[in-house]
Amino acid sequence: MRRRNSSKLPILIVVVAVILFVIFIIRVLSGVGEQDPKDIVEAFYHYEQEGDFGSAWEHFHPVMQERFSKNAYVTERSHIYMSHYGVETFSFELGDEEEVQNWRMAKDAEQFSNAYRVEVEQTFKSKFGTFKVIQDIYVVKDEEDWKVVWEFE
């Protein structure tokens, strides 16, 4: 009877392939849920564009939430867009994000060691014609999440 020479090479290939697959899955899943600062600005203005000012407010940093209560923000923001501007929605474009060191939203406010600035250009087509609003939006970390803040000077 002849003895088969079983090669360990196919088993080794399968083991290496499984290990590489597991490493790949771990790397892919570790990035799920993470957003960069520009993603947060995009989400914020998407909610505003849809008229969902309450969800937009949820993207504010706590210092912004202290400055505007949710109810006041929703009421005032919708009043500005719909009553003053005479529009129901708007389009927007985001500029590139730029890292800013030791940034403050106001002279007497807390300093954020790392912030990102994103220029936002909103275009409104209203009964008064088409106009644009350009605003720098800042994104800072609140614990593990990126949050939106505005500059008040």
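Residues numbered from 1 in each chain as written. Predicted model: local features only at pLDDT ≥ 70, side-chain atom pairs only at ≥ 80, totals over all residues. Heavy atoms only, no water.

Any chance you could explain the pattern of salt bridges here in plain terms?
Side chains that carry opposite charge are capable of pairing whenever their charged atoms lie near each other. For the coordinates displayed, the defined rule picks out five salt bridges. In this structure, D136 and R117 form a salt bridge, with 2.9 Å as the shortest nitrogen-oxygen distance. On the criterion of sequence distance, the pair formed by D136 in strand 3 (residues 129–142) and R117 in strand 2 (residues 111–126) is long-range, its members being 19 residues apart. On the accessibility criterion, D136 (28% relative accessible area) is partly exposed. (Salt bridge = Lys/Arg side-chain N within 4 Å of Asp/Glu carboxyl O. Helix = DSSP H or I, 4+ residues; strand = E, 2+ residues; numbered from the N terminus. Buried < 20%, exposed > 50% of the residue type's maximum accessible area, 1.4 Å probe, protein only.)

Looking at this model, I keep getting lost on the packing of aromatic side chains. Mind explaining?
What the rule picks out here adds up to 24 aromatic pairs. On the numbers, 5.8 Å between centres and 40° between planes, the contact of Y45 with F92 is tilted. One end of the pair, Y45, is in helix 2 (residues 37–49); the other, F92, is in strand 1 (residues 91–104), with 47 residues separating them in the sequence. F92 carries the same exposure label as Y45, and that label is buried. R67 extends its terminal NZ or CZ atom over the ring of F152, reaching a point 3.5 Å from the ring centre. (Phe/Tyr/Trp six-rings, centres within 6.5 Å; stacked < 30°, edge-to-face > 60°. Lys NZ or Arg CZ within 6 Å of the ring centre and 35° of its normal.)

Even after reading the chapter, I still don't get the sheet that holds strand 1, so can you show me in this structure?
Where strands meet in a sheet, backbone hydrogen bonds hold them as pairs that are either parallel or antiparallel. Read from one edge to the other, the open sheet built from four strands follows the order 1-2-3-4, with strand pairing classed as antiparallel. Either end of the sheet is taken by a strand with one partner, and the two such strands are strand 1 and strand 4 (145–149). Strand-to-strand twist of the sheet, defined as the mean angle between neighbouring strand axes without regard to direction, takes the value 30°. Relative to strand 3, strand 2 runs antiparallel, the two being bridged by twelve bridges. In the sheet register, R117 faces strand 3, and the bridge partner there is Y138. Those strands touched by helix 2 are strand 1, strand 2, strand 3 and strand 4, and its axis lies near 135° from that of strand 1. (Pairing = 2+ DSSP bridges. Axes fitted to C-alpha atoms, helices over the stretch in contact; angles between N-to-C directions. Contact = heavy atoms within 4.5 Å.)

Purely geometric stuff here, so don't read any function into it on its own.
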